[in-house]
Amino acid sequence: MIKFFSLFCIAISLYSVDLEYRGENSQFIINNKTFETLDYNRFRSSLYIDSEHISFTSMIDINSFIAKKSVISLQDNIDFSVDVPFDTVSKNSVSDRTLAYASIYRLNGVYENASRRVSIGLLRVPFGVGRIFTPVDIYNPYQALALEPSQRQGVFGLYYTYAVGELSTIDMIVTSNKKKESKMGIRLKSTLKETDVALV
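Read on for an overview of the structure. What you see as residue numbers is a count from 1 along each chain, following the sequence as written. Selection of residues for local features in this predicted model requires a pLDDT of at least 70, selection of side-chain atom pairs for listing and counting requires 80 or more, and totals for whole chains, interfaces and linings are taken over all residues. Water and hydrogen atoms were dropped before computing side-chain values, which therefore reflect all heavy atoms in the structure.

1. Description of the overall build of the protein chain
Line of reasoning, step 1. By definition, any uninterrupted DSSP run of H or I lasting at least four residues is a helix, any uninterrupted run of E lasting at least two residues is a strand, and each is numbered from the N terminus. Looking only at helices and strands, the protein chain features two helices and ten strands.
Line of reasoning, step 2. Along the protein chain, from the amino end to the carboxyl end, the secondary structure elements read α-β-β-β-α-β-β-β-β-β-β-β.
Line of reasoning, step 3. Relative to its full complement of 200 residues, the protein chain shows a buried share of 28%.
Line of reasoning, step 4. Residues count as neighbours in contact if any of their non-hydrogen atoms are within 4.5 Å of one another. Restricting to contacts in the protein chain with at least 6 residues of sequence separation, those with at least 24 account for 50%.
Line of reasoning, step 5. For the protein chain, the accessible area works out to roughly 13,200 Å², and carbon and sulfur atoms hold 58% of it. Only protein chains enter the area calculation, which uses a 1.4 Å probe; residues under 20% of their type maximum are buried, those over 50% are exposed, and those in between are partly exposed. For accessible areas, the Shrake-Rupley method is used with a probe of radius 1.4 Å. Any residue's cover is judged against the shown protein chains and nothing else.

2. Observations concerning the pattern of salt bridges
Line of reasoning, step 1. In the sections that follow, a salt bridge refers to a side-chain nitrogen of Lys or Arg positioned within 4 Å of a carboxyl oxygen of Asp or Glu. For the coordinates displayed, the defined rule picks out four salt bridges.
Line of reasoning, step 2. Its salt-bridge partner being Arg22, residue Glu20 comes within 2.7 Å of it at the nearest N-O pair.
Line of reasoning, step 3. The partly exposed category is assigned to Glu20, whose relative accessible area is 36%.
Line of reasoning, step 4. Looking at Arg22, the relative accessible area reads 45%, which means it is partly exposed.
Line of reasoning, step 5. Here Asp171 ties to Arg187 by a salt bridge, and the two come within 2.6 Å at their closest N and O atoms. Of this pair, Asp171 sits in strand β8 (residues 169-176) while Arg187 is found in strand β9 (residues 182-192), placing the two residues 16 residues apart along the sequence.

3. Regarding unusual backbone geometry
Line of reasoning, step 1. Phi at Lys180 takes a positive value of approximately 60 degrees, unusual for a residue other than glycine.
Line of reasoning, step 2. Among the structural elements, Lys180 can be located in the loop between β8 and β9.
Line of reasoning, step 3. A residue is classified by how much of its surface remains accessible, and Lys180, at 57% relative accessible area, is exposed.

4. Here's the deal with the packing of aromatic side chains
Line of reasoning, step 1. Ring pairs are drawn from Phe, Tyr and Trp, using the six-membered ring of Trp, whenever the two centres fall within 6.5 Å, and their geometry is named by plane angle: stacked under 30 degrees, edge-to-face over 60, tilted for the rest. The full count for this structure, using the stated rule, is four aromatic pairs.
Line of reasoning, step 2. Centre to centre, the rings of Phe65 and Tyr101 are 6.4 Å apart; their planes meet at 15 degrees, and the pair counts as stacked. In this pair, Phe65 is assigned in strand β3 (residues 54-67) and Tyr101 in strand β5 (residues 98-112), connecting sequence segments 36 residues apart.
Line of reasoning, step 3. By relative accessible area, which is 6% here, Phe65 ends up buried.
Line of reasoning, step 4. Taking the relative accessible area as the measure of exposure, Tyr101 reaches 11% and is therefore buried.
Line of reasoning, step 5. Their ring planes at 90 degrees and their centres at 5.3 Å tell us that Phe86 and Phe156 sit as a pair that is edge-to-face. A residue pair is termed long-range when its members are at least 10 positions apart, and Phe86 in the loop between α2 (74-77) and β4 (93-94) and Phe156 in strand β7 (residues 155-163) qualify at 70 residues.
Line of reasoning, step 6. Of the residues examined, Phe156 reaches a relative accessible area of 29% and is grouped as partly exposed.
Line of reasoning, step 7. One aromatic cluster in this structure is built from Phe28, Tyr40, Phe65 and Tyr101.
Line of reasoning, step 8. Directly above the aromatic system of Tyr105 lies the positively charged group of Arg44, at a separation of 3.8 Å from the ring centroid.
Line of reasoning, step 9. Arg106 extends its terminal NZ or CZ atom over the ring of Tyr105, reaching a point 4.1 Å from the ring centre. Throughout this description, the term charge over a ring refers to an Arg CZ or Lys NZ atom that lies within 6 Å of the ring centre and within 35 degrees of the ring normal.

Structure, rendered in structure tokens:
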């Protein structure tokens, strides 16, 4: 692992790229009938690597839960699943009142030029054009009642965007889920009198 990391650092240093790292911590206190008070903490470690046409994004979360009561059933009350063909959550570490695990939030690579963009990996597919009501956002729908509505689980797939005009694009997506089933979609997006419109 150390050799691989060293080779990676040397390769990065020999190639003209921009590196950016961000660490972000979020904490929530949740009142729950089962556990009375549940302290949820998430540390997100984000790495962005960007060159002229190619970029890479990695977002890893370290999650922990501390409950006032015993959390023996906490694993059964939290949804760890992401509908992708590989496991995105580490093995859980559980004690009497705590639960901790690591999870992959985003992991993808992008190639982009003046008119085309190709993304592959665990990514967000923004098919919707609204902030709250997004009927065409079928891949990562907005969850208004979620603890963090802006946080949307990714999908594993290949996402292609072609810019037809300055404000018009054609988007194509192919995704795969846990059952290795594929889903395909095409969206035509443009503007009509300063209003975003999309046909899926």
